Structures are given as structure tokens and as C-alpha cells.
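As a plain string of letters, each chain reads:
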Amino acid sequence: MTKRDLLLEIGVEEIPARFVDNGVAQLAEKVTDWLTAQRISFDSYRTFATPRRLAVIVENVSDRQPDLEEEVRGPAKRIAMDEEGNWTRAAEGFARKQGLTTAELKLAEYKGETYVFAYKRSSGELTYNLLLKELPSLFGSLHFPHGMRWGSGRTRFIRPVRWLTCLWGDEPIPVEWAGKRATNKTYGHRFLGQEIMLTSPNDYLEALREEWVIADVTERKQMIRDQLTALEEEHQFRIPVEEDLLNEITHLVEYPTSLVGRFQEEFLTLPKEVLITTMREHQRYFPVEGEDGRLLPYFVTVRNGDATATDLVRKGNEKVLQARLSDARFFYEEDQKLSIDEAVARLDQVIFHDELGSIGDRTQRIVFIARELAQLLELDEVTRAKVERAAKICKFDLSTQMVDEFPELEGVMGEEYARQKGEDPEVALAVREHLLPRFPGDSLPTGVVGAVIGLADKMDTIASFFAIGIVPTGSQDPYGLRRRAAGILQILLDQDWRKVSLKQLILLSLKSLEEKDLLQRSRESLVADLESFFMPRMKAILQDEEIRYDVIDAVLAVGIHYPHWVVEKARVLAAQMEEEAFKSVAEGLIRATNLAQKAEEDRQVDPELLTEEAEQNLLQKIEETKEMVHRCQEERDAAGLYDALAQLTPTIHQFFDDVMVMVEEEEIRANRLALLREVSTLANQFADFDKLVFS
Amino acid sequence: MNVQEMILALQSYWADKGCALVQPYDVETGAGTMNPMTFLRALGPEPWNAAYVEPSRRPADGRYGENPNRVYQHHQFQVIMKPSPDNIQEIYLGSLSALGIDPLQHDIRFVEDNWENPAMGAAGLGWEVWLDGMEVTQFTYFQQVGGLEVDPVSVELTYGIERLALYLQEKESVYDLEWTPGVTYGDIFLQPEYEHSKYSFEESDQQLLFHLFDAYEKEAQRVLQENLVFAGYDYVLKCSHTFNLLDARRAISATERTGYLARVRNLARQCAKAYVKERERLGFPLLKEGEKSND
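Residue numbering note: each chain is counted from 1, following its sequence as written. Here every chain gets a letter starting at A, and every ligand a number starting at 1, in the order they are written. Where totals are concerned, whole chains, interfaces and linings use all residues; where local detail is concerned, this predicted model gives features only for residues with pLDDT of at least 70, and gives and counts side-chain atom pairs only at 80 or more. Side-chain measures here rest on the full set of heavy atoms in the structure, leaving out hydrogens and waters.

Comments concerning the packing of aromatic side chains
The line we're drawing: Working definition: a ring pair exists when centres of Phe, Tyr or Trp rings (six-membered ring for Trp) sit within 6.5 Å. Plane angles under 30 degrees give stacked, over 60 give edge-to-face, the rest tilted. Lysine and arginine charges are scored as sitting over a ring when NZ or CZ, respectively, is within 6 Å of the ring centre and within 35 degrees of the ring normal.
If you walk through the whole model with that rule in mind, you get 43 aromatic pairs over all chains. Taken together, the ring pairs in this structure connect F77, Y92, F110, W127, F139, Y141 and Y159 of chain B into an aromatic cluster. R537 of chain A extends its terminal NZ or CZ atom over the ring of F533 of chain A, reaching a point 4.7 Å from the ring centre. When the ring centre of F656 of chain A is taken as reference, the NZ or CZ atom of R591 of chain A above it lies at 4.1 Å.

Thoughts on the sheet that holds strand β1 (residues 3–12) of chain A
The pairing of strands in a sheet happens through backbone hydrogen bonds and is either parallel or antiparallel. Residue and element names in this part refer to chain A. Rule in force here: By definition, two strands form a pair when at least two bridges between them are found by DSSP. Comment: elements are numbered from the N terminus, with helices defined as DSSP H or I runs of at least four residues and strands as E runs of at least two.
In space, the five strands of this open sheet follow the order β2-β3-β1-β7-β8, with antiparallel pairing throughout. Of all the strands in the sheet, just β2 (45–50) and β8 (171–172) have a single pairing partner and so form its edges. One ladder, built from two bridges, connects strand β7 (residues 161–168) with β8; its direction is antiparallel. Bridged to W168 within β8 is E171.

Some details on the nonpolar core
Short version of the rule: Note on terminology: a nonpolar core comprises buried Ala, Val, Leu, Ile, Met, Phe, Trp, Tyr and Cys residues joined through side-chain atoms within 4.5 Å. Only protein chains enter the accessibility calculation, which uses a 1.4 Å probe. A residue is then buried if its area is under 20% of the maximum for its type, exposed if over 50%, and partly exposed in between. Only heavy atoms enter the contact rule, under which two residues are in contact if any of them lie within 4.5 Å.
Membership of the largest hydrophobic core comes to 140 residues, with the highest contact counts inside it found for F534, L542, L573 and F689 of chain A. With 12 residues, helix α16 (residues 448–467) of chain A is the largest single contributor of residues to this core. If near-sequence neighbours (up to four positions away) are discounted, F534 of chain A is found in contact with M459, I462, A485, I488, L489, L502, I506 and I560 of chain A. By size, the runner-up hydrophobic cluster in this structure holds 130 residues, among which are F139 of chain A together with L93, M134 and L224 of chain B.

Let's talk about helix α12 (residues 381–393) of chain A
All names here are of chain A. Quick note on the threshold: Expected span of a helix: the number of residues minus one, times 1.5 Å. Polar contacts here mean pairs of N or O atoms no more than 3.5 Å apart (in protein, one a potential hydrogen donor and the other a potential acceptor; neighbouring residues in sequence count only if both atoms are side-chain atoms).
A rise of 1.5 Å per residue sets the reference length of α12, with its 13 residues, at 18 Å; its end C-alpha atoms lie 19 Å apart and thus fit the reference within 8%. Within α12 the residues assigned to the buried category are T383, K386, V387, A390, A391 and I393. For α12, the N-terminal cap is D380; the gap from its side-chain oxygen to the backbone nitrogen of V382 is 3.1 Å.

What about the pattern of salt bridges?
Residue and element names in this part refer to chain A. Under the convention used in this document: Only one rule defines a salt bridge in this text: a Lys or Arg side-chain nitrogen within 4 Å of an Asp or Glu carboxyl oxygen.
According to the stated counting rule, one finds 66 salt bridges over all chains in the structure shown. With a closest N to O distance of 3.7 Å, R280 and E242 form a salt bridge. Taken as a pair, R280 in helix α8 (residues 272–282) and E242 in the loop between α6 (217–235) and α7 (243–250) lie far apart in primary sequence, 38 residues in all. Taking the shortest distance from any N to any O, the salt bridge between E568 and R498 comes out at 3.2 Å. On the criterion of sequence distance, the pair formed by E568 in helix α21 (residues 563–576) and R498 in the loop between α17 (481–494) and α18 (502–515) is long-range, its members being 70 residues apart. Among the charged side chains, a network of salt bridges with common partners joins R362, R365, K395, D457 and D460.

Such coordinate-based values are descriptive only and should not be taken to indicate function.
Structure (C-alpha cells):
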């Protein structure tokens, strides 16, 4: 069997940088999975990607499928042959189904009896033929969130496909897809390079390099890094490399050349974030700083091309940045003319959502929730006053020109302006921090005021959208409600706030909506939906703690009102499961809980009806445990609560050993079930033990 | 290269590529896309290639002629090609060369930018084209126009003439641009910029404008009932411009705003539907015989 290397390249008009890595990973995965499914062996593979191409080279691919031998067992001989040794209809049927004649059937032993067997042999197809036939649907199966059509074609892809290169050893495979037929040709850099005739997949990387394309992503990224280091040495400044920006730039160029530009020093009086955002987000420049970490009036841009006429490119970029910074300064100066209270008043004119009114309306709801929360948390007078003020102004920067122009500076500008206008530092901080966390892994509010406003803001967003029936489904969560729910739990845990329950928070926000007649559904159904909306977020937090899944299911099953309590119970339960004694505890509780399901709802335990010693003991023990459970809940002592339940279990076991529950006499039986329901109620304060999985 | 030479260069370049040089529309538009030569012609199966300058009015962007970059009315050079040609990127880059921009001397990039005009029910995917870090062209493959999926897909290229001119002439203010020797942009547009800004922000008669909006809307609906698509569409454009004037005057509250936009969008959708229906009734005249039978 001979082997060949396989090169597949999809030539595309500039792919958005954020989809390149995923696109090429998909291509490699689909190709190698397909080869494996086709039983075609290969050694290894490499991927290549630039803005204009997604490519994979698979090495030492065998040139055909192995032949397939298959053995199928049919009916036993005594059914397949009559007494004279002729094939029966059963045998004929089996042969026909296998695509054979009865003459081709064989007899063989299987587990002490003779059976009819069909042996089928199919010879493997040539890999080339399979590729020719299957690659179009394989390419077509690449999926992007924003597919598009172009020209008169039917294909959807991330951007229009402009060429296909498929090389099987030295042989092109004329695969047809997206209106293109694959050849052995590829293309160099858009401006600097030429068309390339490839003679082997091995030539790919070097041939492209000669035509000004660095196709290996890691190499291209390293090239930029090296250039940045060289510039740092040459100019004696520092270029902090933000990885996201570096990745993006890597996917904006096929051949990188880094160069330094400068801007007027007077712009350094603008807030640092404004300068950085302008350079980084709007222009994809690296900002530059001195040894002391202060911004310098320079930037680094990475050009897609060589070092020709870099002066011209530099001048052009400097002019653009200059214009942008002039704009920013204009907005900054205009914003200075606006007082914070004027800015707040303007929020009444900024729409939040058609049905939910303006940002001003929303601010009123945030003030209400935050005020009530501050009460629940028993914050002191001074802090409560700060919460009140911060809630009122937390969105004011949405009416500044700077945030209108740089939406990503929401909160950042708010803090800056609030400080300048003499707001209390904690209030100013809260204006920025109430937006945290903005994405998974983002930091959380450090100040109490920001944390309170953060809870109120997030809860209002979630509850208000739920109230008008906008609920995330599948991958659709346009208002980031899931992220906000996770943020609420993280803040409650991080602040160690045990006095506020999720339910209180939900009810507060529904109340503020109800007053404005914004509930389109009944409050009860909203509460239920909102509670279950938090469930998966709580689960994710426990999963991040690497708590086993059955423990998570067990604690979540009994409610998540106090996130802190849920986490602590999960930790204790996870630890206890490692102990030898645990199994007996859990068995006792589970047995009692399961039987208790048969109990009548309103039935109370009647001590008079408890005839056996074991059941009298159990009742007494339950009373003792109740007190302990109550105290542990008050003190949020999960370990203590577990111990209390554990101490109850010997009595439970004794009860089951000595007492028959399901007796004939109805009164006795009902009474015993009611007793078990008491146990069940206690156990459910901790977890649903029945969800645990024992090895 | 002065502004006039730029326009001539682009016109002659795109004429050479098979585009019909149609002219700016005579009803106020906010962008070249809204000219019926793009908005309506992008719909349906008929091929269509056209180019034109579009003076685009954006009342809220008016700055009394005081801001060097923002103006009440800027100029777009608009190209529309349906179906989008296979080598459209190369053709486009050729147009930059025609403006004297040598790609080897500059950094030219295609940076993701997905364009959307919700008021007109239009959306597309593509890029902004960066020339040494400056956005000079919006490059869009339409996917939806007037709420209808388009097939075949048109490509729309929108050059910002003032921006490009600032770059080519190395000027800081649009008013200093040379339009033709001896005549600056300011000579032509400074007074109208001031007066339109003053009108839009301070002097417009809100009651009249509200009344006009309603009247235009009513007339658009009536005319569309009669299947007079182009006549109806003109009134949609008038609605849109009237809305923009009211918006600049801050006469429309945040809550009402969405409602007005939805009214314009509804009209735009009706036009799109009616246009396709009428073209079909006419037998899609721009389709060649062979293409018709394929369909």
C-alpha cells in the first residue's frame, strides 16, 4: 500500500479575523474524522490559515481503503437445511438478503451448534475517488455563525470562496464545490505575490513564503512578536502585548511588517482608556508605554505587506489617529459642560427597549431594588446614602458623547467624569463597577456600593425581559441574560452576602416592574421561570469547583435560594462521600425519603399511635435533630447540618429493622409514613440524597 | 487629484467595467443605497450594474460648517453590481489605482464590517476597506433588502468621497478641498452647510414636518395600492428624510422613535414586494432569453 500527502486549501475573500482559528480547526477535524470513518490511515496533520485561506495537510494518507471482510451468521443448520440436505426457504431468504446465492453459503460451528454463515468481501476504494466524491459535502459542512451567499450561487460560507486547491501527492483532485473546481494552483499575497503551481503538498509552506504569505499561524504570530521586541529595543520603550489583539492582527495580515507612528503629545491629557481604546479597538494599534508604565505618544501598527514605502503608510496612519483623537477630545470637552444631574435627566430620552421604556425608567427601578437591598443587607446609613446616589447616577455616562462614540467605555468614562465632578469616590467607583462582570472570567465589583447596584441592575435586566416574554433560547441570548444571572450569583458569593436570597431579589425586581404595569404574565409563573433560569448558572459555578455531578444534582434538587449555602453544602457532601460511613447515612435517609412519598399530605404524627420502641425513639431523635438542623441553618453550618443528619441515621436503621411500615391497619401505617416524612423534610434541608450515584 | 477629477476617474473606471452611469436621485436620500437604482434594482433576478454619485443628507450630522469632518450633506460614490462578479475585489482595487493609489505603496486591508439599515429592512456582509488605517469604502454583499432575501446577490461599494479626497489632497478640513482649480469645497458648500444646519436644528417647522410625514406616508400607501412602485417609493424617501429632520430637531421622543422607524420600514417592505411583483408581471425585461428559461 502506498501513501501520499494530502493538501486541501479553501481560498476565501478576507475571512473575519475572529472566525479564522475556528474555521481551520473545523476543516482539520472534519477531514481527519472522515478519513478515520473511511478506514483510511494517515500519520499526522498540520493546519495553515491566513485571512484568505484555510488549509490542512494530512501526511502519509494510504491510497486506498483496506478491503473489508465481513462474516454474517444466519440460521442454524437444522433450520437452513432439510433432511435431504437441501437448502430451505429460510436459507434462501438469508442468502438473498446478504446478496449471495445459497451456493456461496458456508457452514461452521458456533457455540456447539452448526450455523449457516455468509462471508462477504468488498475491496476498498481508492482514496482519490472517495475524496473526489465526498470532499464537496465535507467542505459544505463547515459551519459559521454568519454564513453568506454571493453571486448567483447557492453555497453559504463565511465569505465568498475564490479558489480551491486539492493536491493528492503530485496529483490535483478536481473537486467541485462552491462553483469552483480544485486545481494544484494557489495564490500568493494579494499585492506582492503571484499565482503558484504546486507540485507537492510539501512545497506548500515554502512556496507561499516566497510569494509573501506566512501560512503558519504560529510562525506569523511569532514574527510579529519578534518585530515588536526589535522595535522595543530600537526605541527604548515598552509595547504591552494584549494577546487578543495580537491574535486578531495575526489574522488580518498574510505578511506582517510592524512600524512605529506617533501622535501629538497634547493628546496625552485625555484619559488613558480613551487613548488605548482608540488605538486598540478602533485602529488595531499597539499602544506604547515608557519604563514607568506611562503612555507615550507612539503607536505600533502591523501592516499587511513588506517594508516598501513605510513612511507613507506611517504618515497615513498618523493622520487617521490624529483625526480620531481630535474627535475624542472634542467629545471629552463637550461632556465637561454637562453636569451629572443634567446627564441623568437626559436618560429619559434614551430608549432602552420599546416595551420597557427609557434608560431613565430603568434607573428608577434600579434605585428601588438597590435601596431595598441595602436595607436587607443592613448596610450603615452612610453607605446607604452612597447606594442611593450611585443607583441614581449609575447610567449617566450613557448620555455623554464619549460613550456614544466609544460604547466600550461605558462605566469607565462614568467613573472618570464622576470623580472630576466631585462625586464620592465610592460612588464614582460604583458607576464603573456595577457593570462587572462583563464577560466570563471578568473581575467582580470590589466595593460594596458597586456590588449592590450591580445586583439591582442585572436583576432588573433579567426580570424585565422575562416579564415581557423575551427569554433566552438555545444559542439565542441577545441581551446577555445568562451572563447577568451568572454575575448575580458570583457577586453574592464573592461578597459573602448570606442574608439576601435569590427569591427576594427576584421578588423585588418584579415588584418594581409590577408598579409600572410591565408584567405581561402572572407573578407566580415569572418567579418559577426566573428561579429555574438561575439553576444552570448555579450548576456551572459548582462545576467550576470541580464538584462531582451527582453531588451537584443532589444539592440543586432542594433549591438554590442562598447560593452560598448551596456551595457549602456541595463541598461538605462531596467530602463526606469519600468517607466510609457515608453509605450507611445516605441509605438510611434515602430509604426514609422514598417511603415518605407515600405519606398523606396533611397527616401529622400522633405519638399515641407509636407502639414500638424503635418508632418512639425515632420521633424523639427527630425532635432533637430538628433543633440542630434549625440552628445549623441559621449559622449556615453545612458540616454541622450533615452531622445532625448522620446522627439521626442509626435510629432510622433501627426503625426499619424493628418496625414494619406498610402494615394492614390504616391508621398505624399512615402514622408511620408521617413519621418518615419528618425525616424526609430534614434530609431535604440538605440535599436529595437519592440523586447520588454509588459505585 | 481634485474632487471633480476623482469623480470623473471613478465614473470612467466603472463605466469601463460595464456599469451604467446613472445620476444622483432627485429626492432627498441619506445614502446611495436608498436611491432606487440600488434599493429597488437590487431586488429580483435581473442583472444590474450601475454607478453614480449620491449627495447624501444626514440632518443630525450638520455642524454649521464648523466641523472639518462632519457635514449635513456628504457625497458617496456608489457602485452596485448584480450578480456580484467573482473578481470584484480585484476590480475594486483597480479603482483605487485609478485614483492614483498604488497598493504596493500603502497598507490596504479588508476589515470585517457587517452593514445593516434596519429602517430599510436591509442587511449585508462584508468589510470596510482600510487605506493606511482609514476607512475609505464600505464593501457589502447584500443578503436582504426591504425584508426580502436577495437572489442573486448584489455587491455594493460605497466610497466616501470627502474622506478619500482629504487623504489624496492631504487636507485637514473638507472645506479646504479643491473641487476644481480655483474652487474649493467650501466655496460651494459652506453656506448651504450653515443654512441647512441652522434650519434642521433651529428653524424647521415641527408641526408642518409631522403633518408632512403623515401625508407622505398616506400617499405612499395609496400609490402602492395602485402598483405604482417608483412613485410610491419616492414618498417613502420623503418620509425617511422628514423623519431625519424631526429627529435632528429632537422633536421625536425616545419612545416614539421606534414607532416612526417601523412605519418607514413597513413602507420599504411594501415597495420591495411590489417591485418584484411588477417586474415579474413585466417578464423581468432585463433577463436575457437564456436566463429566463433557466429560471
